[in-house]
Amino acid sequence: MNLKNLNKILEKEPDFRKKQIEKLIYQKAIEDWNNATELPLNLRKELSEKTSLKIKAKLVKSKDAEKALIRLNDNYQTETVLMKHNKGNTVCVSSQVGCALGCKFCATAKIGLKRNLETEEILEQVLLFKRNYKIRNVVFMGMGEPFLNYENVLSVIKIINSKNAFNIGARRISISTAGIVEGIEKLSNEKLKINLAISLHAGNNKLRERLMPISKKYPLELVLKTVNTYIKKTKRKVMFEYALMKNVNDSLKDAKELSKIMNHPLYMVNLIKYNDTKEFKAPSKERIKEFKDFLKNQGINTTERYRFGRDIWAGCGQLCLKK
Ligand code: SF4
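Because the structure is a prediction, the values reported are computed rather than measured.

Colleague: I'd like to hear about the domain arrangement of the protein chain, residue by residue, with values.
Modeller: Interfaces are often sized by the amount of accessible area the parts lose when they come together. According to the domain assignment, the protein chain consists of domain 1 (1-54) and domain 2 (55-312). Of the residues lining the interface, 15 residues belong to domain 1; the matching set on domain 2 comes to 16 residues. Interface area for domain 1 against domain 2, summed over the two sides, is near 1400 Å², with a carbon-plus-sulfur share of 50%. Counting across the domain 1 and domain 2 interface gives zero salt bridges. Taken together, the connections running from domain 1 to domain 2 amount to six residue pairs in polar contact (both at pLDDT 80 or more). Among the residues forming the side of domain 1 that touches domain 2, the class breakdown is seven nonpolar, two polar and six charged.

Here it is, written out as structure tokens:
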């Protein structure tokens, strides 16, 4: 897709035309300007010549998910996943090509950071699925750290939320961070009612630093202090994601440590059974139940995430441009 020339072309057009075009791209999700018969012929022609709506993507499907490998204009690729739930579909988008943060359990980390994605390149991930499905939720949990591409991610969120574009409610948009405190601070001033999630995965700094090297820069105390200020300002709940890995962070001792820091009524813990890799394995069902029950008995709001698309390398931590 290439909408870089769009604003220039629409400069001379009245406001209603700009809104009409926004609706055509994002709500009607047209794939070809020739289908926009409500536009004057000369404008349709100019748009066809100068702005492409074509998204180059390879799709891989499983029973509960679809993964798209999108080829960008400079030949880099990015990935996006559609998760099919009986309550509605969720698109999990990437904010960067690869990632610089090097989390040990994450396949994306092995690619390293290639570059940030442009606003349009993030939007086309949602648009690709919107062309065939009704989209209920959008989560920034794909490749990359969204707060290290803050401006582009925020402009995407505004378009996803806009009535003229995707019209998806703020409460149905979630952003997940490895704990970049500057990003959490900025978000707390945005007056957006979107959901914030923190990738936690450990209840102490030593283990977290081993799993997520970025915690050396942002230790737990600092992340939690910033989250508490965020909650004070926004009155919003915050989700802490905890991927359970066998013999790494899944013992009762780990659960106890976690329960000690999950000490705010607006904190929620979301447990994720890890998707096996060479280095890490998922714990048994029993072990997960024990961990979950312990947290629940401590009065901590705890849920367990259903795992979508594992068989097509579309699950949490599996995005690595593999077909
Ligand atoms: S888990 Fe997220 S932040 Fe960590 S390396 Fe993977 S994509 Fe980056």
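Colleague: Lay out the site of the ligand in plain terms, naming residues and giving numbers.
Modeller: Taken together, C99, L101, G102, C103, C106, A109 and G144 make up the full set of residues adjacent to the ligand. Classifying every residue of the shell around the ligand by side-chain character gives five nonpolar, two polar and no charged.

Colleague: Break down the layout of surface pockets for me, citing the residues and quoting the values.
Modeller: Approximately 360 Å³ is the volume attributed to the second largest pocket. Considering the residues around the second largest pocket, the lining is formed by 15 residues, among which L3, L6, N7, Y26 and I159 are closest to the centre. Top contributing element to the lining of the second largest pocket by residue count: helix α2 (residues 15-27), with six residues. Both of domain 1 (1-54) and domain 2 (55-312) provide at least three residues apiece to the lining of the second largest pocket.

Colleague: Tell me about the side chain of T302, and name the residues and values.
Modeller: Structurally, T302 can be placed in strand β12 (residues 302-304). A distance of 2.8 Å separates a polar atom in the side chain of T302 from the backbone oxygen of I300. If sequence neighbours within four positions are ignored, T302 has contacts with V269, L271, K292, L295 and K296.

Colleague: Describe the side chain of N249, with residues and values.
Modeller: Within the fold, N249 resides in the loop between β10 (238-244) and α9 (252-261). Exposure remark for N249: the relative accessible area of 0% places this residue in the buried category. For N249, the side chain forms a polar contact with the main-chain oxygen of A243, separated by 2.8 Å. At 2.7 Å, the side chain of N249 forms a polar contact with the backbone nitrogen of M245. Setting aside chain neighbours within four positions, we find N249 in contact with H201, L207, Y242, A243, L244, D254 and F291.

Colleague: Give me the lowdown on a positive patch on the surface, citing residues and values where you can.
Modeller: Together, K54, K56, K58 and R71 make up a positively charged patch on the protein surface. Of note, K58 is situated in strand β1 (residues 57-61). For K58, a relative accessible area of 48% puts it in the partly exposed group.

Basis of the calculations
- Residues numbered from 1 in each chain as written.
- Predicted model: local features only at pLDDT ≥ 70, side-chain atom pairs only at ≥ 80, totals over all residues.
- Heavy atoms only, no water.
- Domains from an automatic or database assignment.
- Contact = heavy atoms within 4.5 Å.
- Buried area = accessible area lost by both parts, 1.4 Å probe.
- Salt bridge = Lys/Arg side-chain N within 4 Å of Asp/Glu carboxyl O.
- Polar contact = N/O pair within 3.5 Å; in protein donor to acceptor, adjacent residues only side chain to side chain.
- Nonpolar A, V, L, I, M, F, W, Y, C, P; charged D, E, K, R; others polar.
- Near = heavy atom within 4 Å.
- 1 Å grid on protein atoms, 1.4 Å probe; cavity = no way out; pocket = protein on both sides within 12 Å on 5 of 7 lines; lining within 4 Å.
- Points joined across faces, edges and corners; volume = space filled by probe spheres on them.
- Helix = DSSP H or I, 4+ residues; strand = E, 2+ residues; numbered from the N terminus.
- Buried < 20%, exposed > 50% of the residue type's maximum accessible area, 1.4 Å probe, protein only.
- Patch = residues over 30% accessible without salt bridge, like charges linked within 9 Å, V, L, I, M, F, W, Y side chains within 5 Å.
- Areas by Shrake-Rupley, 256 points an atom, 1.4 Å probe, with all protein chains shown as cover.
- Lys, Arg positive; Asp, Glu negative; His and termini not counted.
- Charge placed at Lys NZ, Arg CZ, Asp CG, Glu CD.

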